[in-house]
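Read off the chains here:
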Amino acid sequence: MKSTRNLSRGDGRRLGNASLIAFMLASLVLLSVIRTRLSPMEKTGDAIKAEERHGMIKGSVKMEVAHQDQDVVLTPDSTVLQSAAEEEEEEEAPPKPADTSTGGGVSVRVPVSTSTTPVPVAVIDRQGKPVCYESGRRSDTCEAAGDVRVQGRSQTIQVRPLDREWKVKPYCRKQDAYALSHVKEWTLRPLSGGGPHCTVNSSATAFVLSTGGFTGNLFHDYTDVLVPAFITAHRFGGEVQFLVSSFKSWWTNRYLEIFQQLSRHEVIDIDNDDEVRCYGGVVVGPTFHKELGVDASKTPTGASMVDFRAMLRGAFGLSRAAAEPSGDRWDIRRRPRLLIISRKNSRAFLNERAMADMAMSLGYDVRVGEPDTNTEVSRFARLVNSADVMVGVHGAGLTNMLFLPAGAVLIQVIPYGGLEWLARGTFEEPSKDMQLHYIGYKIQLDETTLSEQYPKDHPVLTDPLSIHKQGWEALKTVYLEKQNVRPHLGRLKLTFLEALKLLPHGRQAKANN
């Protein structure tokens, strides 16, 4: 009986161990199935890192649009924003299929299946590339070749060959829900049977982009639409047709010369188009590289920001490629020209006239310009192109630096309130690729009208970061909407003299002495 009892205990232990092992194996299998079902596309380490980086920016960065005063600002989240922005400027991984797990970007409609095997999301075309992919940290792009039929009224593109249905919003701010709420979604779906009858045939490549979002603000016009359009369309050598969704006639006419530089074909208001337009290829959604910038290493033709600015000179008839003095000794152009970008509603120069007088005493030929949405682009571009130095308080009006000749100087006056990160991301860093010299002039406490509105010990004056922590609306209201500036003429004089030394005019005068 004793031996029988011991044998039963041993059997019990073995049975218990076997049961435990079986339970663990079943749990692992169950977890694997659940993970597979919830993750239709396996992600690499780089893809996961990119998504985490995008999530950080989505929670901490947003572009804000004002109206007539053309403001542009990035919403901060203090150090989180700065570290995230630095990471985003690193070289991006090769194009990967667009993540379909988040709203607002590219999505793919997968046919319903009763199979328990996960359906692959990435659809690969004959060249081995995804049809729709993440072309930049702010952009998703779809490209297809074959029999392409565009029906603008329904925002539908039928393609043969194509395996799946894809959806995309063709605007370079894919993580900004507010911007995308003003952008129509386009669908690429397989062309089956005979398909709709072609009413217009074209040998060009169709290029669908949207002028919804934040267009109407000078900064966003270029960084969200026009620069990405150049990046995408340049490689076609004019054989591309712009199909513009969320079309605004006033906006398109404003920049028509740019479209005409990139395309030999008519610009189409595609949402209101009744034709069935047939092409041999289509691109849906422009490609974003960086703020007001082109990464030449990522363009098929090696095009850079230098090429974009050359295109602008051709579009608007700008004569000066470089900041050089006139060869005529009697020409006023032998004097360096300083352009003051004026503002009215906020962040205005309260001593603008005195600034101009001081600059003239240094030998500058001074002009004052105040761009707004009603300003003729080509006319103001010619004024900017005539300048050797441009100075203005941070705001969308500084986007006009695109028209400055190479070697010119941009002076950005940075409002009080810890906004250096904002000035750096929007205009300082882009100025390098434009071959411009950059000088930042930081407003001090006794140069801002905020010192007249708040007690000396108020956090607005003593601890700007505490206002930042209250959120974007608080920061914007206090430091961008309530503030005007009165630069010390003595400090500003030193800045203007520094700019003069950077110019050929100043170097020439020094050599003559």
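- The protein chain appears in an unreviewed UniProt entry as Glycosyltransferase 61 catalytic domain-containing protein from Aegilops tauschii subsp. strangulata.
- Checking UniProt for the protein chain, the heading Pathway (unreviewed entry) contains the comment "Glycan metabolism."
- On record in UniProt, under Subcellular location (unreviewed entry), the comment for the protein chain is "Golgi apparatus membrane".

## Some details on the environment of Val413
Here is step 1 of the chain: Tracing the sequence through the fold places Val413 in strand β17 (residues 409-414).
Here is step 2 of the chain: With a relative accessible area of 1%, Val413 lands in the buried category.
Here is step 3 of the chain: Separated by 18 residues in the primary sequence, Val413 and Gly395 place their C-alpha atoms 9.5 Å from one another.
Here is step 4 of the chain: Once residues lying within four places of it in the same chain are set aside, the contact partners of Val413 are Phe349, Val391, Gly392, Val393, His394, Tyr441 and Ile443.

## Focus: the sheet that holds β17
Sheets are built from strands paired through backbone hydrogen bonds, the pairs being either parallel or antiparallel.
Here is step 1 of the chain: Across the sheet, five strands lie side by side as β15-β14-β16-β17-β18; this open sheet has parallel pairing. Looking at which strands have only one partner, the edges of the open sheet turn out to be β15 (365-369) and β18 (437-442). Averaged over all pairs of adjacent strands, the angle between their axes in this sheet comes to 20°, without regard to strand direction.
Here is step 2 of the chain: Both strand β16 (residues 389-393) and β17 contribute to a ladder of five bridges, which runs parallel. Each bridged residue has a counterpart across the sheet, and for Gly392 the counterpart in β17 is Gln412.
Here is step 3 of the chain: Running at roughly 155° to β15, helix α9 (residues 352-361) makes contact with β14 (337-341) and β15 of the sheet.
Here is step 4 of the chain: Seen against the sheet, helix α16 (residues 489-502) touches β14, β16, β17 and β18 and runs at an angle of roughly 175° to β18.

## Overview of unusual backbone geometry
In most cases, non-glycine residues show a negative phi, while peptide bonds are predominantly trans.
Here is step 1 of the chain: The step from Arg160 to Pro161 runs through a cis peptide bond, and the omega angle for that step is 5°.
Here is step 2 of the chain: Within the chain, Gln155 stands out as a residue other than glycine whose phi angle is a positive 50°.
Here is step 3 of the chain: Inspection of the secondary structure assignment puts Gln155 in the loop between β5 (139-151) and β6 (156-160).

## Section: the pairing of strand β11 (residues 240-245)
Here is step 1 of the chain: Where burial is concerned, most of β11 is hidden: six out of the six residues are buried.
Here is step 2 of the chain: Two elements, strand β10 (residues 205-210) and β11, share six bridges in a ladder whose sense is parallel. Each residue of the ladder has a partner; that of Val208, found in β11, is Leu243.
Here is step 3 of the chain: Remark: the β10/helix α5 (residues 218-233)/β11 crossover connection has right-handed handedness.
Here is step 4 of the chain: Note: β11 against strand β12 (residues 268-269), two bridges, orientation parallel.

## Quick word on the packing of aromatic side chains
Here is step 1 of the chain: Taken as a whole and judged by the stated rule, the model has 12 aromatic pairs.
Here is step 2 of the chain: A centroid spacing of 6.5 Å and a plane angle of 90° characterise the contact between Tyr222 and Phe308, whose relative ring orientation is edge-to-face. Highlighted residues: Tyr222 in helix α5 and Phe308 in helix α8 (residues 305-316), separated in sequence by 86 residues. Across this residue pair, the class does not change: Tyr222 and Phe308 are buried.
Here is step 3 of the chain: Between the aromatic rings of Phe316 and Phe403, the centroid separation amounts to 5.8 Å while the plane-to-plane angle is 85°, which identifies the pairing as edge-to-face. Taken together, the positions of Phe316 in helix α8 and Phe403 in the loop between β16 and β17 put the pair 87 residues apart, joining distant regions of the chain. Note on accessibility: Phe316 and Phe403 belong to one class, buried.
Here is step 4 of the chain: By way of ring pairs, the aromatic residues Phe207, Tyr222, Phe230, Phe242, Trp251, Tyr255, Phe259, Phe308, Phe316 and Phe403 are connected into one cluster.

Rules of the game
Residues numbered from 1 in each chain as written. Predicted model: local features only at pLDDT ≥ 70, side-chain atom pairs only at ≥ 80, totals over all residues. Heavy atoms only, no water. UniProt positions renumbered as here; feature names shortened; annotations may be inferred. Helix = DSSP H or I, 4+ residues; strand = E, 2+ residues; numbered from the N terminus. Buried < 20%, exposed > 50% of the residue type's maximum accessible area, 1.4 Å probe, protein only. Contact = heavy atoms within 4.5 Å. Pairing = 2+ DSSP bridges. Axes fitted to C-alpha atoms, helices over the stretch in contact; angles between N-to-C directions. Right-handed = clockwise from strand over helix to strand, strands pointing away. Phe/Tyr/Trp six-rings, centres within 6.5 Å; stacked < 30°, edge-to-face > 60°.

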